Amino acid sequence: MCNFSLSNISFGAEKDSLFNQLTLEQKIGQLIFALPQQNDKEIKALGRENKLGGVVFDKYCSKNTYTYFNNLNKLPNKVPVLLGTRSQDAIHCLDNNYTILPDKFHLSAIGSNIFTYNTYNEIGKINKKLNIDFFLAETLSIQHHNSSKLYGFGSDPNNVLEKNHAALKGLHQSEILTGTTLPVASDFHETLNSNEQQILKQLLKDSLNIITPSEVLFEVSLFNTSFIHFVKDSLSFDGLIFTGDLSAGATIQTTQRNAIEALKRGHDVLVLSDHHLEVIKAIKSAVRQGTLAMEIIDEHFQKIKKYKIEKDTHIIEYSNPHELDAIGSETYEKSVTVLSNLDSIIPLPSLNTKKYQLISIGTRKTEDVFANTMKMFIDYDYHQIEHSSFSTAQVNLLLETCAKKDIVLINIICHQENSKHRFGVSYATEQLIEQLQQKTNVIVVLSGQPNGLKYLSNTRNLVLNYSTTPYAQKANAQVIAGALAANGKLPVSITDRFVVNTGEKIKNFGRLGYGKPEQVGLNGEVLSHLIDSIANQAIFMEATPGCQVVVAKNGKIVFEKSYGYFTYEKEVPVTNQTVYDIASVTKVASTTQALMMLDYKDSINVNSRLKEYLPETDSTNKGNIRLIQFLTHTAPLRGGYYFWGHAYDKETKKYNPTYLSQIKKDGFSVQVTPDLFATDSIKDTMWKWLLESPISTRRKYTSEIYRYWYSDLGYYFLQRVIESKTRMPLDQFVQDSLYNPLGTRTLGYLPLKRVNISRIPPTEMDINYRQSLIKGYVHDPSADLMGGVGGHAGVFSNAHDLAILMQMNLQNGSYGERRYFDQATLNKYNRQPYLHFKNRRGLGWDKPPKKGDTGNTAPEAPKATFGHTGFTGTCAWVDPDNQIVYVFLSNRVYPTARNNKLAKENIRENIQSAIYKAMETSR
């Protein structure tokens with residue numbers, strides 16, 4: 001039994017005297033628990049007159065009735081009316097903010113019992129918050145070996161025993177009464193096998209307070225006498241035994257007879273949706289006439305009285321909707337069950353080198369969450385079928401369409417829960433799968449009733465989740481994409497192939513996935529509120545026309561949002577698919593990454609001098625500079641070089657025809673703007689100018705290390721080194737060796753080769769050199785002059801893809817089952833070799849400042865944090881201590897780079913700070 005609080009002893013004494021004054025009719029009324037209907041005047045009156053024992057709310061609850069009895073129970077001189085819910089649907093009906101948590105097969109598919117405990121603990125909390133006294137958990141039942149109906153936590157007896165125990169323990173933390181539904185077959189308990197008997201024994205002995213019979217069509221919802229004697233005498237059950245709804249579809253006379261029969265059999269509580277007064281009168285008459293013993297009334301009355309006197313009213317802390325979302329999301333993720341993976345294509349081995357087709361069946365004009373989630377990982381051709389059934393013509397069309405695809409994903413959303421409709425798996429679906437498997441690789445995803453597996457026995461690659469909810473479909477997609485592991489086990493046997501505990505272990509490929517902030521220890525409400533307010537304020541003050549923000553923690557993107565517009569004219573809104581010029585973030589997203597990959601393979605030593613890789617520099621004033629000096633900005637270089645001074649006359653506003661042409665022609669194919677082309681030799685020419693340029697004479701700290709001076713020029717040299725070692729252009733090397741294998745689709749140089757220009761916001765109106773609005777071409781004029789590919793600038797991306805690259809760094813160079821470098825390499829580049837010279841820089845990476853100094857990170861960012869900022873109003877930061885990736889992208893330079901409000905107001909730093917505030921305020 002529940003261990004009720006003793007804080008209400010005086011309350012109990014008062015109520016005991018009130019119970020002793022009840023009339024026979026009032027005592028009989030205490031045995032009646034009402035199911036509210038549309039017109040509840042009768043049960044409200046019974047409650048006022050102390051003639052009602054309780055109210056049971058189902059998914060069609062009456063909020064008005066709930067409010068009435070909740071208030072009635074607060075009045076003095078009233079016998080309390082016990083309030084109960086019979087499902088999570090009922091809780092949601094009473095509180096629309098309540099998120100229904102995954103139950104039943106979701107929980108039983110997970111090996112760990114903590115998810116079951118947490119789920120039922122939350123169910124208990126919300127019931128307690130609503131002043132509900134008892135909860136009827138239909139999941140706490142028994143899967144009879146002869147039954148085709150799927151009950152409870154499945155058919156593995158050990159698993160069921162453990163899950164039942166965890167669920168009851170969770171519910172009892174809130175000290176509410178707990179009950180369950182059991183089948184009503186006349187020989188139910190007599191035909192249970194030994195395992196099923198053990199489950200029943202545990203249920204009835206393990207602090208269960210209530211049992212109620214399942215509702216069966218055309219049968220009276222009563223336990224038979226032998227079963228009641230069995231649970232009371234053999235199993236020592238002393239809780240309450242409910243009836244089902246005795247008035248459902250029954251006449252007054254039939255309801256009266258069934259009520260009297262129920263009491264004689266040993267039921268304590270009569271559940272009625274109608275005919276309450278008539279039943280009270282009939283029972284009173286039966287007692288007066290001697291056909292129903294008064295002792296029976298007293299016995300049942302005393303049991304109910306005991307619960308009402310001990311009714312606990314203490315308040316407990318309950319979770320908010322965001323926390324419930326997080327619990328639910330994680331349960332959906334952990335319950336994904338991969339039943340077969342014969343072709344070893346789960347997770348997908350490659351995200352952007354295969355041709356994919358996605359077919360969703362049974363979407364019913366609702367959002368296709370599975371398809372939308374897969375879109376975050378792969379490009380695919382899409383076909384949607386709203387209903388479970390479709391024509392042979394559609395099957396043939398799909399067979400023709402999909403034949404040339406490398407992998408076909410078939411997402412089946414099973415809304416049907418009966419065999420008449422094949423549980424949502426139509427014959428056409430079955431045929432389509434079998435015929436497609438003969439032509440190409442097929443992954444089938446089933447969301448919903450597991451009985452649909454009966455028609456998928458020949459499926460080669462099959463993923464199952466036990467619900468059609470968006471959370472379940474999102475989890476399915478992430479398992480297939482390699483962002484989540486799968487360890488779920490089938491809780492029941494469906495066919496000879498799909499028996500209980502079927503399920504393959506699928507590894508997480510370490511790809512960035514999606515989750516709720518609360519799953520990773522962040523307060524989602526605080527996170528959203530702070531970032532929204534900072535980003536919107538930045539747009540309001542015209543620090544930038546728009547921006548993107550991505551926050552990931554523990555391998556999950558928990559915040560991804562876009563704000564504002566491409567320009568202040570507010571014509572094109574920023575979306576998550578918008579592609580920005582990331583400016584100097586290129587230094588770490590391209591050049592530094594390339595060096596780290598080459599260093600990992602011992603192809604480059606950052607302590608070597610430039611002339612060792614580029615012999616032509618030996619006779620220049622740059623040859624003796626070490627690569628590490630370029631990376632840490634300690635080389636004797638100026639901040640930049642005026643390359644355009646050779647190619648453009650600012651006074652006459654004319655281009656030097658030696659280097660630039662306003663039409664594309666032979667020898668001038670390097671596109672700088674849509675109407676401006678550089679000579680084919682421009683890159684080598686700029687290299688010559690750079691080699692001939694003077695070096696800085698600023699202060700030295702050692703014979704080689706100069707005072708820190710931020711310079712783009714070092715990255716021209718590093719780019720040349722990389723291209724010399726790899727024998728290919730920098731953009732091609734990072735695209736082929738890094739960006740494509742990572743699965744990114746927007747990240748890279750020369751964006752117009754990959755994305756439509758309509759997705760790219762403009763940067764600056766360049767009136768100094770290019771005489772045009774820059775859109776789709778790199779903002780940095782020098783990088784643009786050399787064809788758009790620079791070691792210091794030129795990479796474009798959306799925030800999502802840049803976060804993937806940063807996540808790879810957070811994972812010490814590993815992502816998607818591929819290693820780009822190791823932890824030792826990352827540690828080498830993330831160190832601060834000249835911190836004692838007041839230089840905070842790592843090798844390529846920017847770092848948090850020393851205390852009291854200015855920098856580019858939030859003050860809360862730990863010392864281990866690394867990343868970079870960009871001139872166009874961008875940043876990307878990795879915090880390995882807290883497993884956080886933060887990306888901010890904008891085009892703050894529109895329409896002019898003179899607008900520096902973004903930096904002055906610390907917008908990027910304040911958003912980063914919001915992440916740590918959300919972490920501090922998380923429970």
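Just above, that's the structure.
Here's a quick rundown of the structure.

### Focus: helix 8 (residues 157-172)
Alright, step 1. A rise of 1.5 Å per residue sets the reference length of helix 8, with its 16 residues, at 22 Å; its end C-alpha atoms lie 22 Å apart and thus fit the reference within 8%.
Alright, step 2. Residues of helix 8 that are buried include every one of Asn159, Val160, Leu161, Lys163, Asn164, Ala166, Ala167, Leu168, Gly170, Leu171 and His172, and no others.
Alright, step 3. Contact partners of the buried residues in helix 8: helix 6 (105-108), helix 7 (114-129), strand 4 (134-136), strand 5 (177-182) and helix 9 (194-205).
Alright, step 4. A distance of 3.1 Å separates the backbone nitrogen of asparagine 158 from a side-chain oxygen at the start of helix 8, and that oxygen is part of aspartate 156.

### Examining the sheet that holds strand 12 (residues 407-414)
Alright, step 1. The strand order across the open sheet formed by six strands is 9-14-13-12-10-11, and the pairing between neighbours is mixed. Both outer strands of the open sheet, strand 9 (337-341) and strand 11 (381-385), are each paired with one neighbouring strand and no more. Neighbour-to-neighbour, the strand axes of the sheet open up by a mean angle of 15°, direction not taken into account.
Alright, step 2. Across six bridges, strand 10 (residues 356-361) lies against strand 12 in parallel orientation. Across the sheet, residue glutamine 357 finds its bridge partner in strand 12, namely valine 408.

### Here we look at the sheet that holds strand 8 (residues 269-272)
Alright, step 1. Sheet architecture is closed into a barrel: eight strands sit in the order 1-2-3-4-5-6-7-8, paired in parallel fashion. Averaged over all pairs of adjacent strands, the angle between their axes in this sheet comes to 25°, without regard to strand direction.
Alright, step 2. As judged from the three bridges shared by strand 4 and strand 5, these two strands associate in the parallel manner. Within strand 5, the position partnered with phenylalanine 134 by the bridge is leucine 177.

### A word on the packing of aromatic side chains
Alright, step 1. Overall, the coordinates contain 25 aromatic pairs when judged by the stated rule.
Alright, step 2. With centroids separated by 5.2 Å and ring planes inclined at 70°, the aromatic side chains of phenylalanine 33 and phenylalanine 242 adopt a geometry described as edge-to-face. Linking phenylalanine 33 in strand 1 (residues 32-34) with phenylalanine 242 in strand 7 (residues 240-245), this pair joins segments that are 209 residues apart in sequence. Both residues of the pair, phenylalanine 33 and phenylalanine 242, belong to the buried class.
Alright, step 3. Ring geometry for tyrosine 332 and tyrosine 471: centres 5.8 Å apart, planes at 15°, overall stacked.

### Quick word on helix 18 (residues 470-481)
Alright, step 1. Here helix 18 contains twelve residues, and its C-alpha end-to-end distance of 16 Å stays within 8% of the 16 Å for a straight helix at 1.5 Å per residue.
Alright, step 2. Those residues of helix 18 that fall on the buried side of the exposure criterion are Ala472, Gln473, Ala475, Asn476, Ala477, Gln478, Val479, Ile480 and Ala481.
Alright, step 3. Residue glycine 482 follows helix 18 closely and has a positive phi angle near 85°.

### With respect to the state of the cysteines
Alright, step 1. Scanning the model with the defined rule gives one disulfide in all.
Alright, step 2. Shown here is the disulfide that connects cysteine 61 with cysteine 93, its sulfur atoms set 2.0 Å apart. Across the S-S bond linking cysteine 61 and cysteine 93, the dihedral sits near -90°, which makes this disulfide left-handed. With cysteine 61 in the loop between strand 2 (54-57) and helix 4 (63-72) and cysteine 93 in helix 5 (residues 88-94), this residue pair connects regions lying 32 residues apart in the sequence. The same class applies to cysteine 61 as to cysteine 93, namely buried.
Alright, step 3. For the unlinked cysteine cysteine 414, the closest cysteine sulfur is that of cysteine 402, found at 19 Å.
Alright, step 4. Cysteine 547 takes part in no disulfide bond, and the closest cysteine sulfur, belonging to cysteine 875, lies 10 Å away.
Alright, step 5. Relative accessible area serves as the criterion here: at 0%, cysteine 547 is assigned to the buried category.

### Structural notes on the pairing of strand 5
Alright, step 1. Counting buried residues along strand 5, six of its six residues qualify, which places the element largely inside the surrounding structure.
Alright, step 2. Residues of strand 5 alternate between two faces, with Leu177, Gly179 and Thr181 on one and Thr178, Thr180 and Leu182 on the opposite face, all of them buried.
Alright, step 3. Direction of pairing for strand 5 relative to strand 6 (residues 210-213): parallel, over a ladder of four bridges. Note on strand 6: the bridge partner recorded for threonine 180 is isoleucine 211.

### Quick look at unusual backbone geometry
Alright, step 1. In this structure, the amide linkage connecting isoleucine 346 to the following residue, proline 347, adopts the cis form with an omega of 0°.
Alright, step 2. Positionally, proline 347 belongs in the loop between strand 9 and strand 10.
Alright, step 3. Despite not being glycine, serine 236 shows a phi value in the positive range, around 55°.
Alright, step 4. Assignment of secondary structure puts serine 236 in the loop between helix 10 (225-234) and strand 7.
Alright, step 5. Positive phi outside glycine occurs at alanine 583, with the angle close to 55°.

### Quick notes on the pairing of strand 8
Alright, step 1. Neither face of strand 8 is exposed, since Val269 and Val271 on one face and Leu270 and Leu272 on the opposite face are all buried.
Alright, step 2. Pairing of strand 1 with strand 8 involves three bridges; the strand directions are parallel. Along strand 8, the bridge assignment pairs isoleucine 32 with leucine 270.
Alright, step 3. Looking at chain direction, strand 7 and strand 8 are connected through two bridges and run parallel.

Here is what the cut-offs are and how they apply
- Think of each chain on its own: its residues are numbered from 1, step by step along the sequence as written.
- Local features in a predicted model are, by the rule used here, given only for residues with pLDDT of at least 70; side-chain atom pairs are given and counted only at 80 or more, and totals for whole chains, interfaces and linings are based on all residues.
- With hydrogens and water stripped out, all remaining heavy atoms of the structure feed into the side-chain values.
- Going along the chain from the N terminus, every DSSP run of H or I of four or more residues is numbered as a helix, and every run of E of two or more is numbered as a strand.
- How far a helix is expected to stretch is found by multiplying one less than its residue total by 1.5 Å.
- Whether a residue is buried, partly exposed or exposed follows from its accessible area with a 1.4 Å probe, protein chains only, as a fraction of its type maximum: under 20%, in between, or over 50%, in that order.
- Residue contacts are defined here by distance: any two heavy atoms, one from each residue, within 4.5 Å place the two residues in contact.
- Polar contact criterion, stated in full: a pair of N or O atoms within 3.5 Å, where within protein one must be able to donate a hydrogen and the other to accept it, and residues adjacent in sequence count only if both atoms are side-chain atoms.
- Paired strands are those between which DSSP finds at least two bridges.
- A fitted line through C-alpha atoms serves as each axis, taken over the contacting stretch for helices, and the angle formed by two N-to-C directions is quoted from 0 to 180°.
- Each pair of aromatic rings taken from Phe, Tyr and Trp, with Trp reduced to its six-membered ring, is defined by centres within 6.5 Å and is described as stacked if the planes are under 30 degrees apart, edge-to-face if over 60, and tilted in the remaining cases.
- Count a disulfide wherever a pair of cysteine sulfur atoms falls within 2.5 Å.

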